[in-house]
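Residue-level structure breakdown
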Amino acid sequence: MCGVPFHSAHTYVERLIEKGYKVAICEQVENPAEAKGVVRREVVRVITPGTVMEENMLVDQENNFLVVLSGNGQDMALAAADLSTGECHVTQWSGSFDRWLDEVSSYQPREVVLDETLASQSALRQAITLRLKAVITPFTPDPAEESGILEALPRQFERFDEICDTPLLRRVATVLLGYLTATQKRSLGHLTRLRRYDARQYMVLDESARRNLELTVTLGEGKRKGSLLWLLDKTATAMGSRLIKKWLDKPLLELGEIQARQDVVQAFLDDWILFDEVTDLLKQVYDLERLAARISFGSANARDLVSLKRSLSVIPDLRRLLIEAGCPRLRKSGESLDECADIRELVERAIVDDPPVSVKEGGMIREGYSDRLDELRNIQKDGKSWITSLEKKEREETGIKSLKIGYNRVFGYYIEVTKSNLHLVPEGRYIRKQTLANAERYVTPELKEREERILHAAEKSVEMEYELFTNVRAKVAKEVLRLQELAGKVAELDVLRAFAQVARHYGYVRPVVTRGDRLYIKDGRHPVVEAVSPDGHFVANDVELDANSRRILLVTGPNMAGKSTFMRQVALIAVMAQIGSYVPAAEAEVGIIDRIFTRIGAADDLIGGRSTFMVEMTETCRALKEATPRSLILLDEVGRGTSTYDGMALAQAIVEHIHDRVGAKTLFSTHYHELTRLEGQLKDLVNVHARCVERDGKVVFLYRIVPGGADRSYGIHVAELAGLPQEVIDRARNLLADLEGADRESREDGPRTTPENGQLSLFDDFVSETAATVQPASAVPVLSQEEREALRALRDFDLMNKTPMDCMLLIHELKKKLN
């Protein structure tokens, strides 16, 4: 971009980055005063969506991850780095395409870098673009530079050889460092902590589960407000806010760490004086992670150093409070806090309390830090005093009271006399410099000599201040690892303090987390629904799942009765328990769950070419193939996207497969009331239903889950509540009565004859029974053979998997037949 002022360039850069572009920053790299010919310029940095460091382009509560993938499609390695905080993670695994795509999505990256072996895979590129909405960058290090990158890796990352002990991990780390070096072209000193993890150490939450459970954003609008993260995030620091999101994405499987987190939450709940004091201190802590990153990156200004100093000044008091606390985990945390007193004292000695934003205009360094700088400042101060004295002297000697000494960057210092007083100027006293409309400006040899001394001192002092500031920043940058470790401990403390705050406000309890197989919740509530209820009222429900006789709950009942809310709250309580939070219940026991699968809601994937029913079947398939006995499966209305008997057959087969083969704890919600008979056939299945009552023709939802199966869906009642026209409701009631009557007659008369494909839907019931019983003058006339065939053709036509041309051809054929 040409003609963009540098001070407003960030606005344009931000717009381009948001649109997925990369922006190259080009600057002069030599002093114009010393250059011969055209001043040399170079690209000093390339800003990409995944390498943003600018504060105005980052969200405090969110990480900005760049993800690098390398592998062959089966054996994969992943590296995720947040340049703005210095985090860097690597992992390696073998698994399905969807499995490692889920791992990528857990970081919600803005940019994904693909190694050469993956960049050519169109299916992968399409999935990343559509599902993750991330920018894709193919990148392979130059072979001539690759050996140098490999040699640099052990110097860049601590314990690199120990952490990256496989060829695939070394490769993905090489691509990561090569890409960051090629784009940033400066120090990456804050990117030193490389953490390797095993995805199997955490509860697996695929993209579908995170979306359907609304862990970090809402399902409808994609907003933070209304999600579980929104409810739990009562943190006082930006670091804590980012950490709580990471915990939600990766709940723990390690019992000891879960219980240790619970102990800290309990300590805050037991001592609210400690809670209040810690809260007040944390509110004074700035974003240490990003401050440290900017300092190491070389983009921090003096105000950033002052923010760092103020944050560090809080740590001694915070350390004292934690050491004096009764909780062993808090005491240990306090003892391990590094106060970084040397860093704080350095900044205190060097930087003024209220420095300017710019680092190249002076005014940053505190008086007394540098003797030479103080000397230059005194020259400027004395020079200005001399100028004031000279002005007073000239007024007295010339008798011109309006005479003044001014300054501008073009002419320097000058003596100005208005034209009405020119006759008072002694001849030969001044040297004429400039003529204005109403005044003349003069100089004297003495004034020019003093001007040179003053301006030289000012110029030198600004240069020296910048040099001193960069030296201070470099010294702090050497301690960036200490600052990052401190930031991590403060963030963890902040998250656990937030858990205590939420638990106290909403009356949550400490769950008993075990290595067993029982999931028991007494008076459980949906945390977000309860929080947004105007009066805070929520009908609590119990749930019990175990390996003995309650492995599957078959949940029936009408729409709007709370079945989906009930299912979601069970999963959310399990997630909350395994991140160390207290849970919304009167009592809870959670046997550690390794994975949660969800099939909730109706949504198609038009861009991906999948109908609603195909999405439903795909998600269900994944649960059946990948779930273990320690998993939790939520299936809501499976089979509703196809004909009645197709859907019912699929639903029953799925339930039987989970019961006989998978063994996972399952909540299965359905409107197929016929499935309730499975309670007598499958030993680990129990019927429950959402209770409601009918009063004066109106349905009243009680939102209570009770034992037994439901026998009605109350669909027409719900439609009436939605505001459908009364004539539609009345007509639906009449048709329902006809259909139910026909169904009773068919049962009394014995088995019905079914079509050749063995299926009989309510649509067939309607055509055969209603047409035979309703008078021709009614809304449903007697149908001819051609009309029956046309209706059956429409019924059997797979609309969601046909092209528009197929639909047009079908309509054309039916029209010819009916004419």
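I will try to describe carefully the structure that is included in this document.

Quick notes on the rules
- Residues numbered from 1 in each chain as written.
- Predicted model: local features only at pLDDT ≥ 70, side-chain atom pairs only at ≥ 80, totals over all residues.
- Heavy atoms only, no water.
- Helix = DSSP H or I, 4+ residues; strand = E, 2+ residues; numbered from the N terminus.
- Rg over C-alpha atoms; globule rule 2.2 N^0.38 Å.
- Areas by Shrake-Rupley, 256 points an atom, 1.4 Å probe, with all protein chains shown as cover.
- Lys, Arg positive; Asp, Glu negative; His and termini not counted.
- Charge placed at Lys NZ, Arg CZ, Asp CG, Glu CD.
- Pairing = 2+ DSSP bridges.
- Axes fitted to C-alpha atoms, helices over the stretch in contact; angles between N-to-C directions.
- Expected span 1.5 Å × (residues − 1).
- Patch = residues over 30% accessible without salt bridge, like charges linked within 9 Å, V, L, I, M, F, W, Y side chains within 5 Å.
- Salt bridge = Lys/Arg side-chain N within 4 Å of Asp/Glu carboxyl O.
- Buried < 20%, exposed > 50% of the residue type's maximum accessible area, 1.4 Å probe, protein only.
- Polar contact = N/O pair within 3.5 Å; in protein donor to acceptor, adjacent residues only side chain to side chain.
- Contact = heavy atoms within 4.5 Å.
- Parallel < 35°, antiparallel > 145°, perpendicular 65-115°, else oblique.
- Core = buried A, V, L, I, M, F, W, Y, C linked by side-chain atoms within 4.5 Å.
- Phe/Tyr/Trp six-rings, centres within 6.5 Å; stacked < 30°, edge-to-face > 60°.
- Lys NZ or Arg CZ within 6 Å of the ring centre and 35° of its normal.

The next subject is the overall build of the chain. Helix and strand counts for the chain stand at 29 helices and 23 strands. Taking 28 Å as the expected radius of gyration for a compact globule of 819 residues, we find that the chain reaches 36 Å, considerably beyond that expectation. By principal-axis analysis of the C-alpha atoms, the chain measures approximately 130 × 70 × 65 Å. For the chain, the exposed surface amounts to about 39,400 Å²; the carbon and sulfur share of it is 51%. If the 111 positive side-chain charges of the chain are averaged to one point and the 126 negative ones to another, these points end up 4 Å apart.

Right, let's talk about the sheet that holds strand β16 (residues 541-545) for a bit. Reading across from one edge, β14-β18-β15-β16 is the order of the 4 strands in this open sheet, with mixed pairing throughout. Edge positions in the sheet fall to β14 (512-514) and β16, since each of these pairs with one other strand and no more. When strand polarity is set aside, the average angle formed by the axes of neighbouring strands in this sheet is 15 degrees. Relative to strand β18 (residues 587-591), strand β15 (residues 519-524) runs antiparallel, the two being bridged by 4 bridges.

By way of backbone hydrogen bonds, the strands of a sheet pair with one another, either parallel or antiparallel. The sheet built from 7 strands is open, its strands ordered β9-β19-β20-β21-β17-β22-β23 with mixed pairing. The strands lining the two open edges of the sheet, one partner per strand, are β9 (204-205) and β23 (698-707). Where strand β22 (residues 685-695) meets β23, 8 bridges bridge the pair, whose relative direction is antiparallel. Each bridged residue has a counterpart across the sheet, and for arginine 691 the counterpart in β23 is arginine 704.

Before going further, it helps to examine helix α20 (residues 480-506). For α20, which comprises 27 residues, the first-to-last C-alpha distance of 39 Å matches the rise-based estimate of 39 Å (1.5 Å per residue) to within 8%. Looking one or two residues beyond α20, the residue adopting positive phi is glycine 507, at roughly 70 degrees.

Nonpolar side chains collect at one region of the surface, where Met805, Met808 and Leu809 lie side by side and expose about 330 Å² of accessible area between them. Examined against the element boundaries, methionine 808 turns out to sit in helix α29 (residues 804-818).

Let us look at the side chain of arginine 497. In this fold, arginine 497 is placed in helix α20. Given a relative accessible area of 1%, arginine 497 falls into the buried group. Reaching out from arginine 497, the side chain makes a polar contact with the backbone oxygen of lysine 234 at a distance of 2.6 Å. Apart from residues lying up to four places away in sequence, arginine 497 is in contact with Lys234, Thr235, Ala236, Phe268, Phe275, Val278, Thr279 and Leu282.

Moving on, we get to the packing of helix α5 (residues 143-156) against helix α7 (residues 167-184). Interhelical geometry of α5 versus α7 gives an angle of 95 degrees and a closest axis separation of 9 Å. Considering their axes alone, α5 and α7 lie roughly perpendicular with respect to each other. On α7, the residues that touch Glu146, Ile149, Leu150, Ala152, Leu153 and Gln156 of α5 are Arg170, Arg171, Ala173, Thr174, Leu177 and Gly178.

Within the largest apolar cluster, 141 residues are counted, with the highest numbers of intra-cluster contacts made by Leu69, Leu318 and Leu330. Looking at which element gives the most residues to this core, the answer is α20, with 13 residues. Non-local contacts of leucine 330, meaning those with residues more than four positions away in its chain, are made with Val264, Ala267, Phe268, Leu274, Leu322, Ala325 and Leu493. In terms of nonpolar packing, the next biggest core, distinct from the first, is built from 31 residues, Met53, Leu83, Phe157 and Ala173 among them.

On to the pairing of strand β17 (residues 552-556). Burial runs high along β17: 5 of the 5 residues are buried. Taking every second residue as pointing to the same face, both faces of β17 are buried, with Ile552, Leu554 and Thr556 on one and Leu553 and Val555 on the other. One ladder, built from 4 bridges, connects β17 with strand β21 (residues 665-669); its direction is parallel. Across the sheet, valine 555 pairs through a bridge with serine 669, a residue of β21.

Moving on, we come to the pattern of salt bridges. Opposite charge on two side chains permits them to pair, given that their charged atoms come into close proximity. Here the structure, examined in full by the defined rule, presents 57 salt bridges. Across the pair lysine 309 and glutamate 348 runs a salt bridge, and its minimum N-O distance is 3.1 Å. Within this pair, whereas lysine 309 is found in helix α14 (residues 302-312), its partner glutamate 348 is found in helix α17 (residues 341-350), the two being separated by 39 residues in sequence. For lysine 309, a relative accessible area of 9% translates into the label buried. For glutamate 348, a relative accessible area of 35% translates into the label partly exposed. With its nearest N and O atoms 2.8 Å apart, the salt bridge here joins glutamate 416 to arginine 441. Of this pair, glutamate 416 sits in strand β11 (residues 412-418) while arginine 441 sits in strand β13 (residues 439-443); the two residues are 25 residues apart in sequence, bridging distant segments of the chain. Note on accessibility: glutamate 416 and arginine 441 belong to one class, buried. Each of Asp102, Arg131, Asp206, Glu207, Arg595, Arg622 and Glu626 takes part in salt bridges that share partners, so that together they form one network.

All right, on to unusual backbone geometry then. The phi angle at lysine 133 is positive, at roughly 55 degrees, despite the residue not being glycine. Its place among the elements puts lysine 133 in the loop between α4 (122-132) and β7 (135-138). Assessed through its relative accessible area of 69%, lysine 133 is described here as exposed. The backbone of aspartate 523 sits at a positive phi, close to 55 degrees, despite the residue not being glycine. As for its position among the elements, aspartate 523 is in strand β15.

Where like charges cluster on the molecular surface, the negative patch consists of Asp270, Asp271, Asp276, Glu277 and Asp280. Tallying contributions element by element places helix α12 (residues 272-282) first for the negative patch, with 3 residues. Aspartate 280 gets classed as partly exposed once you look at its relative accessible area, which sits at 46%.

Before going further, it helps to examine the packing of aromatic side chains. Tallying each qualifying case throughout the model produces 10 aromatic pairs. Measuring from ring centre to ring centre gives 4.3 Å for tryptophan 272 and phenylalanine 275, while their planes differ by 65 degrees; the resulting arrangement is edge-to-face. Taken together, the residues tryptophan 272 and phenylalanine 275, both in helix α12 and 3 residues apart, mark about one turn of the helix. Take tryptophan 272: its relative accessible area is 18%, and that puts it in the buried class. Judged by relative accessible area, phenylalanine 275 falls into the buried class, the value being 6%. Relative to tyrosine 508, the ring of tyrosine 506 lies with its centre 5.9 Å away and its plane at 25 degrees, an arrangement referred to as stacked. Classification of tyrosine 506 by relative accessible area gives partly exposed; the value is 21%. Aromatic rings pair up to connect Phe268, Trp272 and Phe275 into one cluster. Sitting over the face of the ring of tyrosine 414, arginine 441 holds its NZ or CZ atom 4.1 Å from the ring centroid.

Next up on the list: the side chain of aspartate 546. Mapping aspartate 546 onto the fold places it in the loop between β16 and β17. Here aspartate 546 occupies a buried position and makes no salt bridge, while the nearest side chain of opposite charge, arginine 518, is found at 4.9 Å. Side-chain polar atoms of aspartate 546 contact the backbone nitrogen of serine 549, separated by 3.3 Å. When residues no more than four places from it in sequence are discounted, the contact partners of aspartate 546 are Asp517, Arg518 and Arg551.

Now for the environment of cysteine 164. Note on placement: cysteine 164 falls in the loop between α6 (160-163) and α7. With residues up to four places along the chain from it excluded, the contact list for cysteine 164 reads Val90, Leu169, Arg170, Ala173 and Leu194.

With that settled, consider α14. With 9 of its 11 residues buried, α14 lies for the most part within the structure. Here α14 has its buried residues at Ala302, Asp304, Leu305, Val306, Ser307, Leu308, Lys309, Ser311 and Leu312. Looking at the packing, one finds that the buried side of α14 touches α13 (288-297), α15 (315-324), α17, α19 (445-477) and α20. Two or three places before arginine 303, at the opening of α14, asparagine 301 has a side-chain oxygen 3.1 Å from that residue's backbone nitrogen.

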